[in-house]
Amino acid sequence: MKEKIRIFLDTDLLEKYLLGTTTQEESMQVERYIAMYPEVRKTYDELQENLETFAKLYALKTPEGLKERILSRIKAQNTGRRKFQRYAIAASIAALLFAGSSYFFWNQNQNLQNENVIVNNKIKTLEEDMKEQLEDVRNQFIVLNNPQTKKYTVNGNKKAKELKAVAYINPVKKLSYINVRSLPNLPDNQCYQMWAEVNGKMVNLGVIKNVDDKDRLRPLPYAENAVGYITIEPQGGNDTPTVQNIVANISY
């Protein structure tokens, strides 16, 4: 029986159930295990508490003033449409006197339609960005709470002795993250940059601007026998890593 429970806990069904991504059959299985086995119930409660803490920590804040801007734009569009209707009535009465006015009203309507397209595109882009961020938060939660995740401590070499980081690698989910906790200070004309060697190709992961957020997880591209690097580069970053300035690396 203990083995059965262990096998169940080694899956990510509890995490998926908490995140609402299980099928109906998987949900029934999870609920049955929670009801039958105290060990599963305890793990479920702990994951639920972790998820609540994680959600608060990484809560996505709606851009300031977005709601007001959208409502203002909608109000302006509605006002514009009412104006257009009045213009259209007036135009029909005055059509015999000034036929050219019809173009003005058509142009007004086109402007409103163009503005509506711009607003809709901005909202769509925002929704896609938030969806990507939520997916990243979901993956972080799974990696941090999955028993199959491997944890590696990363220390800097003699060029950056104060560098401290922790890498989290999950070979089953094929997800990997790194938490850079401290970096030595650099001159103003230099910066730290992250890289990953994946399937024989070097991937630029960008400049590490600061480590003020001690809990931030930075994604690492997952692959078999991949290697992550941190280097010192000129301010603004480099297109290729400066090999002699590698200060830390992690094989995963």
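Keep in mind the model is a prediction, meaning the values are calculated, not measured.

Q: Would you explain the packing of aromatic side chains in this entry?
A: For any two aromatic rings, the description comes down to two numbers: the centre-to-centre distance and the angle of the planes. Tallying each qualifying case throughout the model produces 3 aromatic pairs. When the ring of Tyr-17 is compared with that of Tyr-44, the centres are 6.0 Å apart and the planes differ by 55 degrees; the resulting orientation is tilted. With a gap of 27 residues between them, Tyr-17 in helix 2 (residues 13-19) and Tyr-44 in helix 4 (residues 38-57) connect regions that are remote in the sequence. The class of Tyr-17 is partly exposed, set by a relative accessible area of 22%. Between Tyr-33 and Tyr-37, the aromatic rings sit 5.2 Å apart at their centres with planes inclined by 55 degrees, giving tilted as the arrangement. The residues Tyr-33 and Tyr-37 share a single accessibility class, namely buried. Members of the aromatic cluster, each reached through a chain of ring pairs, are Phe-8, Tyr-33 and Tyr-37.

Q: Explain the side chain of Thr-22 here, please?
A: Along the polypeptide, Thr-22 turns up in the loop between helix 2 and helix 3 (24-36). Looking at Thr-22, its side chain comes within polar contact range of the side chain of Ser-27, at 2.7 Å.

Q: Looking at this model, I keep getting lost on the environment of Glu-46. Mind explaining?
A: Tracing the backbone shows Glu-46 in helix 4. In sequence terms Glu-46 and Asn-145 are 99 residues apart; their C-alpha atoms lie 9.8 Å from each other.

Q: Can you walk me through the sheet that holds strand 7 (residues 227-234) in this structure?
A: One key point about sheets: their strands pair by backbone hydrogen bonds, in either a parallel or an antiparallel sense. Strand order in the open sheet made by the 4 strands is 5-4-7-8, with antiparallel pairing throughout. With partners counted over all chains shown, the strands left at the sheet margins are strand 5 (201-208) and strand 8 (246-251), one partner each. Recorded for the sheet is a direction-independent mean angle of 25 degrees between the axes of neighbouring strands. Across 5 bridges, the pairing between strand 7 and strand 8 is antiparallel.

Q: Could you clarify how one ought to interpret the confidence of the model for the protein in this entry?
A: Parts of the model with low pLDDT should not have their predicted coordinates read in detail. Looking at the protein as a whole, its pLDDT mean stands at 78, while 73% of the residues score no less than 70. Confidence drops under pLDDT 50 across residues 87-103; counting only partners more than four residues distant or on other chains, this segment forms 2 contacts.

Criteria and cut-off values
Residues numbered from 1 in each chain as written. Predicted model: local features only at pLDDT ≥ 70, side-chain atom pairs only at ≥ 80, totals over all residues. Heavy atoms only, no water. Phe/Tyr/Trp six-rings, centres within 6.5 Å; stacked < 30°, edge-to-face > 60°. Helix = DSSP H or I, 4+ residues; strand = E, 2+ residues; numbered from the N terminus. Buried < 20%, exposed > 50% of the residue type's maximum accessible area, 1.4 Å probe, protein only. Polar contact = N/O pair within 3.5 Å; in protein donor to acceptor, adjacent residues only side chain to side chain. Pairing = 2+ DSSP bridges. Axes fitted to C-alpha atoms, helices over the stretch in contact; angles between N-to-C directions. pLDDT = per-residue confidence, 0-100. Contact = heavy atoms within 4.5 Å.

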